[in-house]
Each structure stands twice: as C-alpha cells, then as structure tokens.
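Given next are the chains, with one letter for each unit.
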Amino acid sequence: MKSTKELLGARIKELRKSCGFSQERLAEMVGVEPKHISRIEVGSSYPSLNRVELIAKALGRPMKDLFDFIHLESPDIRAANMENMIKGMKEEHQRLIYRIVGAFRE
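Fair warning: this is a prediction, and the values are worked out from it, not measured in the lab. (Residues numbered from 1 in each chain as written. Predicted model: local features only at pLDDT ≥ 70, side-chain atom pairs only at ≥ 80, totals over all residues. Heavy atoms only, no water.)

Engineer: Can you walk me through the environment of Glu-41 in this structure?
Structural biologist: Tracing the backbone through its elements, the reader meets Glu-41 in helix α3 (residues 34-42). The spatial distance from the C-alpha of Glu-41 to the C-alpha of Val-52 is 12 Å, given a sequence separation of 11 residues. (Helix = DSSP H or I, 4+ residues; strand = E, 2+ residues; numbered from the N terminus.)

Listed below in structure tokens is the structure:
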C-alpha cells in the first residue's frame, strides 16, 4: 500500500505530465528548485499547504484534484473500492458497468 505522500506525488506527476510541463517548468512556476518537485513526486517530501495551492494553480486545477488519487492505489485496493461503489448502485447501472468492464476484457 502506497503512502499518502507517495500517492500525492504520483498524482502531481500525472497532472504535470498531462499539462506537458517538465519538472523544471513546474518548479519555475511554483518558485522552487526542480529537485524539490522531484522529491515531492517520488514521495520523499510533502509540499506545504501553500505549495500545494501554488502547484494546483500552476497546473490549472482545483486543489482537491491533487488528492484524487484512488486510481493510483494498488490493484487490490482499487478493486475493493470499485466493488464498494458498484454495490451501492442500482441494478440497471450494475449491469451497464458489467458490460463496460466486459468490453475491456476482450
């Protein structure tokens, strides 16, 4: 199981790459050394709340998006979360999800 620090770092890296930014570019926008961005992304350093806000702004995302990292969890945790989500759905939605997942298995 990954730590919150590692998941946050992985999510920041994912969002940074989706924006087409290098670590150097993001560091420049946030006002830190690229080495600091690297440490955040590998999960060896937590950014301060102020820094999280600056990173989110630089990436053009609300802060909450940086903490949306359940999809980066281990496969077992992801599967358990998906199972819990599906259990709470209407039966017709469960059937639809089943068909969608089945299409990806082929």
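Engineer: In this structure, what is going on with the pattern of salt bridges? I would like to understand it.
Structural biologist: Side chains that differ in sign of charge can pair as their charged atoms come close. Using the criterion set out here, one finds 7 salt bridges in the structure. Between Asp-65 and Lys-64 there is a salt bridge, with the nearest N and O atoms lying 3.5 Å from each other. Taking the relative accessible area as the measure of exposure, Asp-65 reaches 16% and is therefore buried. A salt bridge links Arg-95 to Glu-91, with the shortest nitrogen-to-oxygen separation between them at 2.6 Å. One end of the pair, Arg-95, and the other, Glu-91, are both in helix α7 (residues 91-105), 4 residues apart, so they sit about a helical turn from each other. (Salt bridge = Lys/Arg side-chain N within 4 Å of Asp/Glu carboxyl O. Buried < 20%, exposed > 50% of the residue type's maximum accessible area, 1.4 Å probe, protein only.)

Engineer: It is not clear to me how the UniProt feature "domain: HTH cro/C1-type" (unreviewed entry) in the chain should be interpreted in this structure. Could you clarify?
Structural biologist: In this numbering, the UniProt entry assigns the feature "domain: HTH cro/C1-type" (unreviewed entry) to residues 12-66. Secondary structure content for residues 12-66 is 69% helix and 0% strand, and the end C-alpha separation is 6 Å. (UniProt positions renumbered as here; feature names shortened; annotations may be inferred.)

Engineer: I tried to follow a nonpolar patch on the surface on my own but got confused; where do I start?
Structural biologist: Together, Met-82, Met-85 and Met-89 make up a nonpolar patch on the protein surface, roughly 280 Å² of accessible area in all. Of note, Met-89 is situated in the loop between α6 (75-87) and α7. (Patch = residues over 30% accessible without salt bridge, like charges linked within 9 Å, V, L, I, M, F, W, Y side chains within 5 Å. Areas by Shrake-Rupley, 256 points an atom, 1.4 Å probe, with all protein chains shown as cover.)

Engineer: What am I meant to see in helix α2 (residues 23-30) here?
Structural biologist: At 3.6 residues per turn, the α-helix brings residues three or four places apart onto the same side. Where α2 is concerned, the buried positions are Leu-26, Ala-27 and Val-30. For α2, the angular spread of buried residues about the axis comes to 100°, placing them on one side. Those residues of α2 hidden inside the fold are in contact with α1 (4-18), α3 and α4 (49-58). (Arc of directions from axis to C-beta. Contact = heavy atoms within 4.5 Å.)

Engineer: Quick question: what am I supposed to make of the side chain of Glu-73 here?
Structural biologist: By the element assignment, Glu-73 lies in the loop between α5 (63-66) and α6. There is no salt bridge for the buried Glu-73, and the closest opposite charge comes from Lys-2, which lies 7.5 Å off by N-O distance. (Lys, Arg positive; Asp, Glu negative; His and termini not counted.)

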